[in-house]
Amino acid sequence: MSALKLETGWLDFPRIKTGIERKIPLWPETIEALKAVIAARRQPAGKAHEGLVFLTRLGGQSWVRFELSETKNDKGKI
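Residues numbered from 1 in each chain as written. Predicted model: local features only at pLDDT ≥ 70, side-chain atom pairs only at ≥ 80, totals over all residues. Heavy atoms only, no water.

## Thoughts on the layout of surface pockets
Piece 1. Here the largest pocket is characterised by a volume of approximately 300 Å³.
Piece 2. If you go around the largest pocket, you meet 16 residues; those closest to its centre are Met1, Gly51, Leu52, Val53 and Phe54.
Piece 3. Sort the elements by how many residues they give to the lining of the largest pocket and strand S2 (residues 10–14) lands first, with three residues.
Piece 4. The class makeup of the residues in the lining of the largest pocket is 13 nonpolar, three polar and no charged. (1 Å grid on protein atoms, 1.4 Å probe; cavity = no way out; pocket = protein on both sides within 12 Å on 5 of 7 lines; lining within 4 Å. Points joined across faces, edges and corners; volume = space filled by probe spheres on them. Helix = DSSP H or I, 4+ residues; strand = E, 2+ residues; numbered from the N terminus. Nonpolar A, V, L, I, M, F, W, Y, C, P; charged D, E, K, R; others polar.)

Right, dumping it as C-alpha cells:
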C-alpha cells in the first residue's frame, strides 16, 4: 500500500534486486478500482499483511505464500 500514491496517480517503488526507483503512472479507472478494492478489503490476518492491497477472501492473508518442503527423487536424494 505504501507504494500506491492514489492522490497523485502513481505507483512508486524500487526494484527489489537493484533498488533502482520505478515510477509508474496509473490510469484514472485503475485508481478508482484500487480505491474500491481497498475500501472493501477484509481485515488483515496479521501485521505482516497490513501493507498488502489484495488479501484472500477467507482469513485476510496474502495471495502468495511460500512454504519450504522437501521432496526426494527416485534415488532418495533430497
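## What about the pattern of salt bridges?
Piece 1. All told, the structure shown has one salt bridge when counted by the stated rule.
Piece 2. Lys47 is the partner of Glu50 in a salt bridge, and the nearest nitrogen-oxygen pair spans 3.8 Å.
Piece 3. On the accessibility criterion, Lys47 (70% relative accessible area) is exposed. (Salt bridge = Lys/Arg side-chain N within 4 Å of Asp/Glu carboxyl O. Buried < 20%, exposed > 50% of the residue type's maximum accessible area, 1.4 Å probe, protein only.)

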